[in-house]
Amino acid sequence: MMNISDAIVFIVDDEAAIRDSLTLMIAQENIAVKAYGSAESFLAACQAERFGCAVIDIRMPGMDGMQLQDALSKRNILMPVIFLTGHGDIPMSVKAMKAGAVDFLTKPVTRERLLNSVRAAIQESEKILQQSANHKDAQSRLAELTDREQDVMMLAIQGYPNKEIARHLGISHRTVEIHKSKIMFKTGATNLLDLARIAHESGLNN
Amino acid sequence: MTQSLKDLSFQALFDVAADAMLLIDATGHVVLANVAAQELLEYPEADICGLDVSALMPLRYRDHHMDFMAAYSRKPEQRAMGSGKVLFALRRDGQEISVDIALSPIHTKEQLFTLVTLYPTDRRRAAEEALRVSEERLRLAKQAAGLGVFDFDANHNVLHWDEKMRELWGAETNESVSYKRFLTAIHPDDRAARLAALDRAIDIAGNGEFNAEYRVTNLHDGSERWVSAIGQMHFEDGHATRLVGVARDITEHKSFEKKMQDHRAETETLFTQQVAAQTVSAIAHELNQPLAAISAYSEVALHVLESDTIYPDNLKRALKGCVEQSQRAGQSLHELLAFLQKGDLVKTRLNINEVVKEALGIAKNNGYGAFNPKLHLDPNIPLVIGNRIQIQKVLVNLLRNAVEAMRGAKMPSSPISITVRTNPEVNMAHVTVQDNGPGLDREIAGRVFEPFFTTKPTGIGMGLAISRALTEANGGQLWLDPDTSNGATFHFTIPFAP
């Protein structure tokens, strides 16, 4: 479990007063805040896999909020985004949500609304980072398997009994058993269900 | 009389004949050629006499001519005009002319002469053809343009109309149209205007042009058409005697015009609505930003007060933010109102150098101080007269634009030069603000003073429009230097105090 006190909320808005007031507001909840005056300066400072979320103004000189969201996802920066806008433009909000925004808030935003949204986004960030870590972990585990072991695993997680697998691959029942125990050892899976989960997390489907 | 005619020689008649004549001997050589023939064939007399007649025809006919000559000498007989096909004669310059040829054998004791008469057919035919083509062209043009022709003879009170005119008025082909009947067909509302046009045409002092548009009710089918009549009045002894001209059906043109007018009105309404919408949207944005900040600051302050431990620094910062943002919102509103209403302003005698320095301070306080000011002041410049706040505002706006332009181009802390001098041309104080930014392209440069025009996504687009209005309210001018290659340069003038 990650701790909310480790998260950082990034505020990206060209208006100094908005940056300042929102920074105060979030900091009052003992959440770390960093504010940026432009999309470009935020992008330059942004790291992938940072625990936290970004509160981004849609209308900014230079790169605007939507473009920033696009740039983040292109760089594989998996940070939940909350948009701020002067006027609640529905088509724009739909577009933003489709592109993966967590929320779309209209200025002036209440403390309650903003903080709820920020907390939800931080939870989302945790989930994303966890998934990402699981994915990497699963991938590294599966990387140890030989081709033949992979074949056996694919059939095993689909529920085929050893006899079937042996027949299918033209190997002996005993050899299948040896492969399976090696697979379980290398992946650290406790049972077949666990193995199926790891395969799924690594991006191997079916 | 008869006797004297008998005395006329062949030679004399031959010479005066209007038709071109040649006298040919039995060997086919020219013996005589009259003046008309010399002119037609363009030979001087000395050259044509003695010429083989075959030299007067195109090469391709010469063989045929030999056969013809042989047959003719065996049985000479008259050949009248137009009995043969079209023949060609060869002029001295080699040009072929189409001719009709008559032959008259003249028998003398010694030999057979032949009198050849040449009738050029080209000219006659060409003239006839030209007339026919011209009439056809006129007819086609009239038809294509939908023109009717009218001719009013005032002396005899006769109105001549062509088919098209009759069609427009709905008159039968052979019916004579009285002037009264002509007038009855014209729409009552349009009669006065037509009469005025006619009076102008009749005016001897004028140029006699007649030009009127009116509606005509077709007497035949009752339909109403718009007609445009254009004519020329002719005068005799100082009196208008004849009006000739054309009339055209312009009904479709009129309805198109009406449609265009409606369309223009609609576009204008739309534009007005758009401007209004833009104004509201700009004002809304300009107010919403400080409101959003005030709302957040206020909640921060409230939260501080509700907490067990009060952080006075945060409380102070939040309340200060509230005050600043409220001021900012109010100022935006005042500026917009000032632009929309341009109320009375108090003008005082000012040192423009001081105003420039004050404006620099304001720009810095407003967060637009990220530049390196290069001041070129004139300590000896006379005092100006104007509204201090407004002139400051113009300067702050120009500085803010310059800073934003350079910031947008990622050129932090570039120099902005401000020059104060006397403009001798208008005898006013002249202030120049020049940045080192990217400058403006031609299209944008032409529009920067338009209200709501902005290149900044967060801009309201009123800065330069307001600045220009403020400068003008102070009796000066604000303009953009056409040369923007080294950044943008704005100039404004303020009149000197009397």
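Residues numbered from 1 in each chain as written. Chains lettered and ligands numbered in written order. Predicted model: local features only at pLDDT ≥ 70, side-chain atom pairs only at ≥ 80, totals over all residues.

**Describing the overall build of chain A**
Moving on, step 1. Across its full length, chain A carries nine helices and five strands.
Moving on, step 2. Along chain A, from the amino end to the carboxyl end, the secondary structure elements read β-α-β-α-β-α-β-α-β-α-α-α-α-α. (Helix = DSSP H or I, 4+ residues; strand = E, 2+ residues; numbered from the N terminus.)

**Quick notes on the interface of chain B and chain A**
Moving on, step 1. Taken together, the contact pairs 23 residues of chain B with 21 residues of chain A.
Moving on, step 2. Of all the secondary-structure elements, those providing two or more residues to the side of chain B that touches chain A are helix H10 (251–306) and helix H11 (312–341) of chain B.
Moving on, step 3. The dominant element in the side of chain B that touches chain A, judged by the number of residues it contributes, is H10 of chain B, at 13 residues. (Contact = placed C-beta atoms within 7 Å.)

**Some details on the nonpolar core**
Moving on, step 1. Ranked by size, the top nonpolar core spans 48 residues in total, and within it Val9, Val12, Cys53, Ile82, Phe83 and Val118 of chain A carry the most contacts.
Moving on, step 2. Each residue touching isoleucine 82 of chain A, except ones within four places of it in the same chain, is listed here: Cys53, Val55, Ala101, Val102, Asp103, Leu105, Ser117, Val118 and Ala121 of chain A.
Moving on, step 3. Residues Leu360, Ala363, Ala402 and Ile418 of chain B belong to the second largest nonpolar core, which totals 35 residues. (Core = buried A, V, L, I, M, F, W, Y, C linked by C-beta atoms within 7 Å. Buried ≥ 20, exposed ≤ 12 C-beta atoms within 10 Å, placed from the backbone.)

**Some words on the environment of proline 161 of chain A**
Residues and elements named next belong to chain A.
Moving on, step 1. Within the element layout of this structure, proline 161 appears in the loop between helix H6 (147–157) and helix H7 (162–169).
Moving on, step 2. A residue is classified by how many C-beta atoms lie within 10 Å of it, and proline 161, with 12 of them, is exposed.
Moving on, step 3. Sequence separation between proline 161 and histidine 173 is 12 residues, and the spatial gap between their C-alpha atoms is 10.0 Å.

**Structural notes on the pairing of strand S4 (residues 81–85) of chain A**
Residue and element names in this part refer to chain A.
Moving on, step 1. Counting buried positions over the five residues of S4 gives five, a clear majority of the element.
Moving on, step 2. Burial of the side chains of S4 extends over both faces: Val81, Phe83 and Thr85 are buried on one face and Ile82 and Leu84 on the other.
Moving on, step 3. Direction of pairing for strand S3 (residues 52–57) relative to S4: parallel, over a ladder of four bridges. If you follow valine 55 over to S4, its bridge partner there is isoleucine 82.
Moving on, step 4. As a crossover connection, the stretch from S3 through helix H3 (residues 65–74) into S4 is right-handed.
Moving on, step 5. When S4 meets strand S5 (residues 103–106), the two strands line up parallel, connected through four bridges. What sits directly across from threonine 85, in S5, is threonine 106. (Pairing = 2+ DSSP bridges. Right-handed = clockwise from strand over helix to strand, strands pointing away.)

**Things to note about the sheet that holds strand S3 (residues 87–90) of chain B**
Residue and element names in this part refer to chain B.
Moving on, step 1. The strand order S2-S1-S5-S4-S3 describes an open sheet built from five strands, whose pairing is antiparallel. Strands with a single pairing partner mark the edges of an open sheet, and in this sheet they are strand S2 (30–33) and S3. Direction aside, the axes of adjacent strands within the sheet are offset by 40° on average.
Moving on, step 2. Pairing geometry for strand S1 (residues 20–24) and S2, over three bridges, is antiparallel. Its bridge partner being in S2, leucine 22 is matched across the sheet by alanine 33. (Axes fitted to C-alpha atoms, helices over the stretch in contact; angles between N-to-C directions.)

**Things to note about the packing of H6 of chain A against helix H9 (residues 192–201) of chain A**
All names here are of chain A.
Moving on, step 1. Closest axis-to-axis distance for the H6/H9 pair is 10 Å, and the angle between their directions is 115°. With respect to each other, H6 and H9 are oriented roughly perpendicular. Seen from above, H6 lies across H9 with left-handed handedness. Contacts between H6 and H9 pair Met153, Ala156 and Ile157 from the former with Leu192, Leu195, Ala196 and Ala199 from the latter. (Parallel < 35°, antiparallel > 145°, perpendicular 65-115°, else oblique. Left-handed = near helix turned anticlockwise from the far one by under 90°.)

**Things to note about the sheet that holds strand S15 (residues 428–434) of chain B**
Residue and element names in this part refer to chain B.
Moving on, step 1. Spatial strand order, S12-S14-S15-S17-S16: five strands in an open sheet with mixed pairing. Taken across any chain shown, the strands that pair with only one partner, and hence form the sheet edges, are strand S12 (372–376) and strand S16 (478–480). Ignoring strand direction, the axes of neighbouring strands in this sheet form an average angle of 15°.
Moving on, step 2. Sheet analysis places S12 next to strand S14 (residues 415–423), joined by five bridges and oriented parallel. If you follow lysine 374 over to S14, its bridge partner there is serine 417.
Moving on, step 3. Contacts from helix H12 (residues 352–365) reach S12, S14, S15 and strand S17 (489–495), with the element oriented near 160° to S14.

**Topic: the confidence of the model for chain B**
Moving on, step 1. The predicted model of chain B has a mean per-residue pLDDT of 82, with 90% of residues at 70 or higher.
Moving on, step 2. Predicted complex, confidence summary: ipTM 0.73, pTM 0.45. (pLDDT = per-residue confidence, 0-100.)

**Considerations on the environment of glutamine 331 of chain B**
Moving on, step 1. You can see glutamine 331 of chain B is positioned in helix H11.
Moving on, step 2. Taking the C-alpha atoms as reference points, glutamine 331 of chain B and leucine 287 of chain B, 44 residues apart in sequence, are found 9.9 Å from one another.

**A few points about the packing of H12 of chain B against helix H13 (residues 388–408) of chain B**
Residues and elements named next belong to chain B.
Moving on, step 1. Interaxial distance between H12 and H13 falls to 9 Å at its minimum, and their mutual angle equals 55°. In terms of orientation, H12 lies oblique with respect to H13. Crossing of H12 against H13: the hand is right-handed. Of the residues in H13, those in contact with Val355, Val356, Glu358, Ala359, Ile362 and Ala363 of H12 are Arg388, Ile391, Gln392, Leu395, Val396, Leu399 and Arg400.
Moving on, step 2. Its residues placed into classes, the contact of H12 with H13 shows nine nonpolar, one polar and three charged. (Nonpolar A, V, L, I, M, F, W, Y, C, P; charged D, E, K, R; others polar.)

**Observations concerning unusual backbone geometry**
Outside of glycine, negative phi angles account for most residues, and trans bonds account for most peptide bonds.
Moving on, step 1. In this structure, proline 108 of chain A follows lysine 107 of chain A across a cis peptide bond, with omega equal to -5°.
Moving on, step 2. Mapping proline 108 of chain A onto the fold places it in the loop between S5 and helix H5 (111–142).
Moving on, step 3. A positive phi angle is found at asparagine 76 of chain A, which is not glycine, with a value near 60°.
Moving on, step 4. The topology assignment puts asparagine 76 of chain A in the loop between H3 and S4.
Moving on, step 5. One non-glycine residue, glutamate 42 of chain B, adopts positive backbone phi at about 65°.
Moving on, step 6. Relative to the helices and strands, glutamate 42 of chain B resides in the loop between helix H3 (35–41) and helix H4 (45–48).
Moving on, step 7. When the 13 C-beta atoms within 10 Å are taken as the criterion, glutamate 42 of chain B is described as partly exposed.

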